[in-house]
Structure formats: structure tokens, C-alpha cells
Amino acid sequence: MIKIAVDGLTGSGKGTLSDGIAERFNLRHLDTGAIFRGMGVSYLKSGITEPTEENVKEILEKTNISVVFENDKQQIYLNGENVTSSLREEAVSKLASKVSALGLAREKYLEIIRDFTNKYDCIIDGRDITSIVMPDADVKIYLTANETTRAERRYKENVEKNIACTFEEVLANIQERDYRDTHRDIAPLIIVPDAFVVDNTNINLNETIELCSNHIEKVLKENGKL
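Throughout, residues of each chain are indexed from 1 in the direction in which the sequence is written. Reporting of local features is limited, given that this is a predicted model, to residues whose pLDDT is at least 70; pairs of side-chain atoms are given and counted only at 80 or more, and all residues count toward the totals for whole chains, interfaces and linings. Side-chain metrics in this entry use all non-hydrogen atoms of the structure; hydrogen atoms and water are not considered.

(A) Local environment of the sheet that holds strand E5 (residues 81–82). The sheet built from three strands is open, its strands ordered E3-E4-E5 with antiparallel pairing. Edge positions in the sheet fall to strand E3 (65–70) and E5, since each of these pairs with one other strand and no more. Any two strands between which DSSP finds at least two bridges are classified as paired. The way it works is that DSSP assigns letters per residue, a run of H or I at least four long becomes a helix, a run of E at least two long becomes a strand, and they are numbered from the N terminus. Pairing of E3 with strand E4 (residues 73–78), which is carried by six bridges, proceeds in the antiparallel orientation. Looking at the pairing, Phe69 lines up with Gln74 of E4. This element, helix H2 (residues 33–46), spans E3, E4 and E5 of the sheet and lies at about 30° to E4. Contact definition: two residues touch when any of their heavy atoms are within 4.5 Å. Interaxial angles span 0 to 180 degrees and are taken between N-to-C directions of axes, which are lines fitted to C-alpha atoms, for helices over the stretch in contact.

Here is the structure:
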């Protein structure tokens, strides 16, 4: 099995990069953040605005999250309802970041992902993939960019999707998430020693995909998997 792990900061382009790599190497791409976002949607629907270790058990007992591929595109279903279109809303993003620090939520998250990696040649992106979820990955990539560039990208995405927000709000949310992701007690975002680190502040998407693809091809050939 081929396993490629991608970690990185919010708005660094992990998902888009992984889509490009998946297409080039014929892999399944699992966006792990979408699993926590699905849990965030569940919180939003419940009316509970502050995820805690005390209430997450209640939420998960009422939540059936499934990852489904339709026309090769990942969809997240929550209790039978496709909630994929809601996953990028700012309120959901904030809840997802908080949920991702909770022990029981992470247990469910790992269960879903590890089942997936046993079935498919895959590329998986998130914030603890290289360190916790797939430490045995064939290739590990860490993607980053400066916070202003990342906020500009996310703001543009929101405008295109008619999500109401200001640039200042998006930037503040990214700064908050960066701090939480890198300082949380459970599985913080780190750069593992054997990661291929790519700063794409000053290069575009196609250049990022090409750079990472060349690295992946080299490693897989060395390992006899390509």
C-alpha cells in the first residue's frame, strides 16, 4: 500500500495539494479535517457552542459520521445527511478546532482514518498525520505559508462561496487556530524530522504540486513502490 501524509497550517493549501497528488498518483485523498468539521456541524445543530470533554460523549453518541466518495469526491454525511457544503463555514471551523483537542473525539477520528488507510492507496492531510496517524507513511510533507497569505487565500475562498466574513475576521481566526493547533496538549501540529517541508508563500498551486510530486516520485521509486 502507498501512504502519503501531509500536515500543515490552516490555509496552507493542504487539501488542494492532496487533490492534485491524488490525481497524479491515482490515490484516494482523505481530508481528515472534514471529520472534525462534521463533528463541529453536529455541535452547531445541537446548540452547544463550547465543546468540552464533558459534553463530547453526549454529542458523539448522537452522531454518525461517515466518509463517502461520490464521483471520486469526498463527502461527509452526518446521520445520513450530506453536510459537506457546510464544512467551511467559520462557525464550523472554530468548533472543529476545539473538538480536535478532545480525547474522545480523537479516538473516533483515528478509528475512521485507520480503517481507511487499510483499504486504499492514499494521501491523507491534516495536522497530526505525519506524527500520530501515519508515522509509517512512505512520504511525509509539511506545508506552510505566512499567515497573511493564508488569510488572503481563505478569504477569497469564502467570498467565492458567498460566506459572509471580513479579511480581518479570517486572519484572526487563522491566528487563533495556529496557536491552538500548535499548543494543544493532545497531538499538537509539529514538523517531524523526516518531513519534506514546503513553504508556498511565494509559489502558486501548480508549482507546489509539481515540487511535491517530484519528491514523492523519487521516494516511491527508491522504495520500489513506483
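The discussion continues.
(B) Spatial organisation of the packing of aromatic side chains. Here a Phe, Tyr or Trp ring, Trp counted by its six-membered ring, pairs with any other such ring whose centre lies within 6.5 Å, and the pair is stacked when the planes are under 30 degrees apart, edge-to-face when over 60, and tilted otherwise. Taken as a whole, this structure holds four aromatic pairs when the rule is applied. A centroid spacing of 4.3 Å and a plane angle of 20° characterise the contact between Phe36 and Tyr109, whose relative ring orientation is stacked. Taken together, the positions of Phe36 in helix H2 and Tyr109 in helix H5 (residues 103–117) put the pair 73 residues apart, joining distant regions of the chain. Residue Tyr109 is classed as buried on the basis of its relative accessible area of 1%. Here Tyr155 and Phe167 contribute two aromatic rings whose centre-to-centre distance is 6.3 Å and whose plane-to-plane angle is 90°, an arrangement assigned as edge-to-face. Of this pair, Tyr155 sits in helix H7 (residues 147–160) while Phe167 sits in helix H8 (residues 167–183), placing them 12 residues apart in sequence. Relative accessible area decides the class of each residue, using a 1.4 Å probe on protein chains only: under 20% of the type maximum gives buried, over 50% gives exposed, and in between gives partly exposed. By relative accessible area, which is 24% here, Phe167 ends up partly exposed.

(C) Region of interest: the state of the cysteines. Two cysteine sulfur atoms make up a disulfide if the distance between them is within 2.5 Å. By the definition in use, this model includes zero disulfides. Unpaired in terms of disulfides, Cys122 finds its nearest cysteine sulfur in Cys212, a separation of 16 Å. Owing to a relative accessible area of 0%, Cys122 belongs among the buried residues under this scheme. Judged by relative accessible area, which is 0%, Cys212 ranks as buried.

(D) Here's a closer look at the side chain of Asn200. Positionally, Asn200 belongs in the loop between strand E8 (196–199) and helix H9 (205–222). Polar contact criterion, stated in full: a pair of N or O atoms within 3.5 Å, where within protein one must be able to donate a hydrogen and the other to accept it, and residues adjacent in sequence count only if both atoms are side-chain atoms. A polar contact is formed between the side chain of Asn200 and the backbone oxygen of Ser12, at a distance of 3.0 Å. With residues up to four places along the chain from it excluded, the contact list for Asn200 reads Ser12, Leu143, Thr144, Ala145, Arg153 and Thr208.

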